[in-house]
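Listed here are the chains, written in short residue letters.
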Amino acid sequence: MDWHAWHDTYTRADSPLLHRLATVQNRIRAALDTAPPGPLTAISVCAGQGHDLIGALTEHPRRHDVRARLVELDERNVAEARRTARAAGLPGVEVVAGDAAETDHYTGLAPADLVLICGVLGNITDADVERLLDHCTRLCRAGGTVVWTRNRKDPDLVPRVCSWLEERGFVRLWLSEPAVKQAVGAHRFGGEPRPLPPGQRMFDFVGYDVLRRP
């Protein structure tokens, strides 16, 4: 899969991913609107070109309160995200080229006020979905928000995503309607974050094109 060319889908007005992006940005803005005053931190796992967070921050009144780290493996996407962040005047947005599954990339920023796992859960096995959600108890601070996405293709994993988060102390803030095939959810962490261990992998990125093969 060419993950750089994949982003071209955002340019099509009829793309469900464009609608998903707008919804994710709205959830990010809602999280910023309700966050306590002062500096904020954000993490984006498998950030792609950073459309979600950068787009949400561009006109937001708290844009300069946010220190963010976007982690993405494809260096072409990394370059595009860096260019977009510079053009938007967001010096607090750092884009890291690397494997987003590695915990070391989040050292110094986790636990964060905002954790984005958008475009990830449909590209990893169900077991790794649960493993990554378990790591959200290490990535997200108490009272912080996780914004996530998952397609509702059969079998629909969205109910289990919600259950796995809620079993771990997350409270559901918002979930898109079942008829929306590109689901977006937001959960607030009601527990206390656990330490983030160094040198660990949180998941193995497989790709939906491989997972869907007969």
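Refer to the preceding data block for the structure.
Residues numbered from 1 in each chain as written. Predicted model: local features only at pLDDT ≥ 70, side-chain atom pairs only at ≥ 80, totals over all residues. Heavy atoms only, no water.

A. Looking closely at the sheet that holds strand E6 (residues 170-175). Spatial ordering of the open sheet is given by E3-E2-E1-E4-E5-E7-E6, a layout of seven strands whose pairing is mixed. Edge strands, defined here as strands with exactly one partner in the open sheet, are strand E3 (93-97) and E6. Going from strand to strand, the sheet's axes swing by 20 degrees on average, the running direction of each strand aside. The sheet contact formed by strand E2 (residues 66-72) and E3 spans five bridges and is parallel. (Pairing = 2+ DSSP bridges. Helix = DSSP H or I, 4+ residues; strand = E, 2+ residues; numbered from the N terminus. Axes fitted to C-alpha atoms, helices over the stretch in contact; angles between N-to-C directions.)

B. Local environment of the pattern of salt bridges. Taken as a whole, this structure holds 17 salt bridges when the rule is applied. Here Arg194 makes a salt bridge to Asp134, at a shortest N to O gap of 2.9 Å. A residue pair is termed long-range when its members are at least 10 positions apart, and Arg194 in the loop between strand E7 (182-189) and helix H6 (208-211) and Asp134 in helix H4 (residues 126-139) qualify at 60 residues. Note on Arg194: relative accessible area 33%, which makes it partly exposed. Accessibility expressed as a relative area gives 24% for Asp134, which makes it partly exposed. The network of salt bridges with common partners includes Asp99, Glu102, Asp128, Arg131, Arg201 and Asp204. (Salt bridge = Lys/Arg side-chain N within 4 Å of Asp/Glu carboxyl O. Buried < 20%, exposed > 50% of the residue type's maximum accessible area, 1.4 Å probe, protein only.)

C. Highlighting helix H1 (residues 16-34). Given a rise of 1.5 Å per residue, 19 residues ought to cover 27 Å, and the 27 Å separating the end C-alpha atoms of H1 matches this to within 8%. Within H1, the full set of buried residues consists of Leu17, Arg20, Leu21, Thr23, Val24, Gln25, Ile28, Ala31 and Leu32. (Expected span 1.5 Å × (residues − 1).)

D. Representation of helix H5 (residues 158-167). Listed in full, the buried residues belonging to H5 are Val158, Val161, Cys162, Trp164 and Leu165. The buried residues of H5 occupy one face: seen down the axis, they fall within an arc of 165 degrees. Its buried side turned inward, H5 meets H4, strand E5 (140-151), E6 and E7. One or two steps after H5, the chain reaches Gly169, where phi turns positive at roughly 95 degrees. (Arc of directions from axis to C-beta. Contact = heavy atoms within 4.5 Å.)

E. Geometry of the pairing of E7. The buried fraction of E7 is high, at six of eight residues. Judged from the seven bridges that link them, E5 and E7 form a sheet pairing that is antiparallel. Considered in E7, the bridge of Trp148 is made with Gly185. Bridging between E6 and E7 involves five bridges; their strand directions are antiparallel. Residue pairing for E7: Phe170 is matched across the bridge by Phe189. Here E6 folds back onto E7, and the loop between the two strands holds six residues.

F. Layout of the nonpolar core. Ranked by size, the top nonpolar core spans 34 residues in total, and within it Ile117, Leu121, Trp148 and Phe203 carry the most contacts. Those elements that provide at least two residues to this core are strand E1 (40-45), strand E4 (112-117), H4, E5, H5 and E7. Sequence-distant contacts of Leu121, that is, excluding residues within four places in its chain, are made with Val129, Leu132, Leu133, Trp148, Thr149, Arg150 and Val161. Listed in part, the 28 residues of the second largest apolar core include Ala31, Ala47, Leu57 and Val95. (Core = buried A, V, L, I, M, F, W, Y, C linked by side-chain atoms within 4.5 Å.)

G. Local environment of the packing of H4 against H5. For the pair H4 and H5, the least separation of the axes is 9 Å and the interaxial angle reads 35 degrees. Relative to H5, the crossing made by H4 is right-handed. Two secondary-structure elements touch here, H4 through Asp126, Val129, Glu130 and Leu133 and H5 through Arg160, Val161, Trp164 and Leu165. For the contact of H4 with H5, a count of residues per class yields five nonpolar, no polar and three charged. (Left-handed = near helix turned anticlockwise from the far one by under 90°. Nonpolar A, V, L, I, M, F, W, Y, C, P; charged D, E, K, R; others polar.)

H. Just the environment of Asp99, in detail. Position of Asp99 relative to the elements: it lies in the loop between E3 and E4. Here the alpha-carbon distance between Asp99 and Asp126, two residues 27 residues apart in the chain, equals 19 Å.

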